[in-house]
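# Chains, contacts and geometry: an overview
What follows is the residue order along each chain.
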Amino acid sequence: MRKTETTDVHDILRRAIDWAMEAGHIQREKFRSRHLFMETKSSIHDVVTEVDKACEALLIERISNRYPTHNILGEETGEHRNNPDAEWEWVVDPLDGTNNYSQGLPIYCVSIGVRYKGETQVGVVYVPFMDELFSAVRGEGASWNGRFIHVSRKTDLNECVLATGFPYDKGTNPINNLDNACAIIPNVRGIRRMGSAAYDLCCVASGLLDGYWELDLKPWDACAGALIVEEAGGIIKPFRNDRHISIVAGNKTIVEAIYQKLNANV
Ligand code: IPD
Ligand code: CA
Ligand code: CA
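Computed from a predicted structure; not experimentally measured. (Residues numbered from 1 in each chain as written. Chains lettered and ligands numbered in written order. Predicted model: local features only at pLDDT ≥ 70, side-chain atom pairs only at ≥ 80, totals over all residues. Heavy atoms only, no water.)

A general tendency of soluble globular proteins is for nonpolar side chains to be buried together. Ranked by internal contacts, the top residues of the largest apolar core, which has 32 residues, are Leu59, Trp90, Ile112, Val122 and Val124. Mapped onto this core, the elements with two or more residues apiece are helix H1 (9-30), helix H2 (50-66), strand S5 (88-96), strand S6 (109-116), strand S7 (119-127) and strand S8 (132-137). Among the elements that make up this core, the one with the highest residue count is H1 (eight residues). Those residues in contact with Ile112, other than ones at most four positions away along the chain, are Ala16, Ala20, Leu59, Trp90, Val91, Val122, Gly123, Val124 and Ala224. (Core = buried A, V, L, I, M, F, W, Y, C linked by side-chain atoms within 4.5 Å. Buried < 20%, exposed > 50% of the residue type's maximum accessible area, 1.4 Å probe, protein only. Helix = DSSP H or I, 4+ residues; strand = E, 2+ residues; numbered from the N terminus. Contact = heavy atoms within 4.5 Å.)

Dropping the structure here:
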């Protein structure tokens, strides 16, 4: 068991799971509610609901109470610098897949990554509608509902089903992944746009998908899922440095095959 002076990763894992499931409970209760309050954020394509905010408030309250010296980065409320010297940071997407959620589509999740000195140690993704829990602790493998998982072992891109996504500024920024989709779609068995980056990464980790790429992700989209992929034997490869976090995920062979077809540019 890895310990620091004050914190045990397994204690963090247990609590992250409990709190992700608590937030998931709020999400299930309000799912398909006719009275869901929502508003737009960066553009008309980018929405936030009352449930995103309620879940983030719950997670911040739980984390701050139990770990008052840890910092928190939440999608909806930004940085909570509880301690200028903090080595631990919780990176929280309270509801990944808000567009799906607001439409009544069931692919959405809670994503919690926990970093020590900038390196992710614990990742938890809970998918309430399907009651599926993905988690990983660095160096200890990744699991899906308690069973160890491994990424797909396929090596031929033409046999692969991949996922991707498109950024909220796709209408105004020409670096919007449409070129990559055009280059890759003819060369794969299937392509999915699931609408939740954290869930996409978990599907790669468990072999439900053979690979995934996306540009312009934010830390809360990818922190937990990237660790879960790596701990499931996959790799995460960056492909450009001008659109926040831009990554390819899968086994090494498939990641290289996808990367070759991307406009990696920088
Ligand atoms: C979004 C989803 C989506 C991805 C976007 C993300 P949100 O997160 O993960 O699949 O394509 O880039 O911003 O807004 O639903 O938390
Ligand atoms: Ca997100
Ligand atoms: Ca979100």
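Distances from the calcium ion (ligand 3) to its protein donors, Glu75 (OE), Asp93 (OD) and Leu95 (O), fall within 2.2 to 2.4 Å. Between consecutive donor residues of the calcium ion (ligand 3), the sequence gaps follow E-x17-D-x1-L. Between the calcium ion (ligand 3) and the calcium ion (ligand 2), a separation of 3.7 Å is found, and both are coordinated by Asp93. By the burial criterion, Asp93 is buried, and Leu95 matches it. (Donors = N, O, S within 2.8 Å, 3.2 Å for Na, K, Ca; no water.)

Our next topic: the site of ligand 1. Taken together, 15 residues lie near ligand 1, and Asp96, Gly97, Tyr168, Ala197 and Glu214 sit nearest. Side-chain polar atom of Asp93 to an oxygen atom of ligand 1: 3.3 Å apart, as the coordinates give it. Contacts to ligand 1 include Glu214, whose side-chain N or O atom sits 2.4 Å from an oxygen atom. Protein chains shield 94% of the accessible area of ligand 1, which is 380 Å² for the free molecule. Looking at the shell around ligand 1, the elements with two or more residues in it are S5 and strand S13 (211-217). Counting residues per element, the shell around ligand 1 draws most heavily on S5, at three residues. For the shell around ligand 1, the class distribution of residues is five nonpolar, four polar and six charged. (Near = heavy atom within 4 Å. Polar contact = N/O pair within 3.5 Å; in protein donor to acceptor, adjacent residues only side chain to side chain. Areas by Shrake-Rupley, 256 points an atom, 1.4 Å probe, with all protein chains shown as cover. Nonpolar A, V, L, I, M, F, W, Y, C, P; charged D, E, K, R; others polar.)

A few words on the state of the cysteines. The tally for this structure, following the rule as stated, stands at zero disulfides. Its sulfur unpaired, Cys182 is 19 Å from the next cysteine sulfur, which belongs to Cys160. When its relative accessible area of 59% is taken as the criterion, Cys182 is described as exposed. Here Cys202 is not cross-linked by a disulfide; its sulfur's nearest cysteine counterpart is in Cys109, at 6.8 Å. (Disulfide = S-S within 2.5 Å.)

Each assigned domain of the protein is listed with its residue range as follows: domain 1 (9-148) and domain 2 (157-259). With centres defined by C-alpha atoms, the gap from domain 1 to domain 2 works out at 20 Å. Tallying the contact residues gives 39 residues for domain 1 and 22 residues for domain 2. A buried area of about 2,300 Å², summed over both sides, lies between domain 1 and domain 2, and 68% of it is on carbon and sulfur atoms. If you look at where domain 1 meets domain 2, you find zero salt bridges. (Domains from an automatic or database assignment. Buried area = accessible area lost by both parts, 1.4 Å probe. Salt bridge = Lys/Arg side-chain N within 4 Å of Asp/Glu carboxyl O.)

In this structure, Thr49 sits in strand S2 (residues 47-49). A distance of 2.5 Å separates polar atoms of two side chains, one belonging to Thr49 and the other to Asp52.

One can expect most non-glycine residues to show negative phi and most peptide bonds to be in trans. You will see that Asp216, though not glycine, has its phi angle at about 65°, which is positive. Position of Asp216 relative to the elements: it lies in strand S13. Non-glycine residue His244 carries a positive phi angle of around 45°. For His244, a relative accessible area of 56% translates into the label exposed.

The buried count for S8 comes to six of six residues, which makes it a mostly enclosed element. Residues of S8 alternate between two faces, with Glu132, Phe134 and Ala136 on one and Leu133, Ser135 and Val137 on the opposite face, all of them buried. Examined bridge by bridge, S8 and strand S9 (residues 142-144) share three bridges and lie antiparallel to one another. Within S9, the residue paired with Ser135 across the bridge is Ser143. Connecting the antiparallel pair S8 and S9 is a turn made up of four residues, with Gly139 showing a positive phi of about 85°. (Pairing = 2+ DSSP bridges.)

Three or four residues apart is the spacing at which side chains of an α-helix point the same way, because the helix has 3.6 residues per turn. With 22 residues, H1 extends 32 Å from end C-alpha to end C-alpha; this agrees with the ideal 32 Å at 1.5 Å per step. All of the buried residues along H1 are Val9, His10, Asp11, Ile12, Leu13, Ala16, Ile17, Trp19, Ala20, Ala23, Gly24 and Gln27. Two or three places before His10, at the start of H1, stands the capping residue Asp8, its side-chain oxygen 2.6 Å from that residue's backbone nitrogen. Once H1 ends, the next one or two residues include Arg32, with phi positive near 65°. (Expected span 1.5 Å × (residues − 1).)

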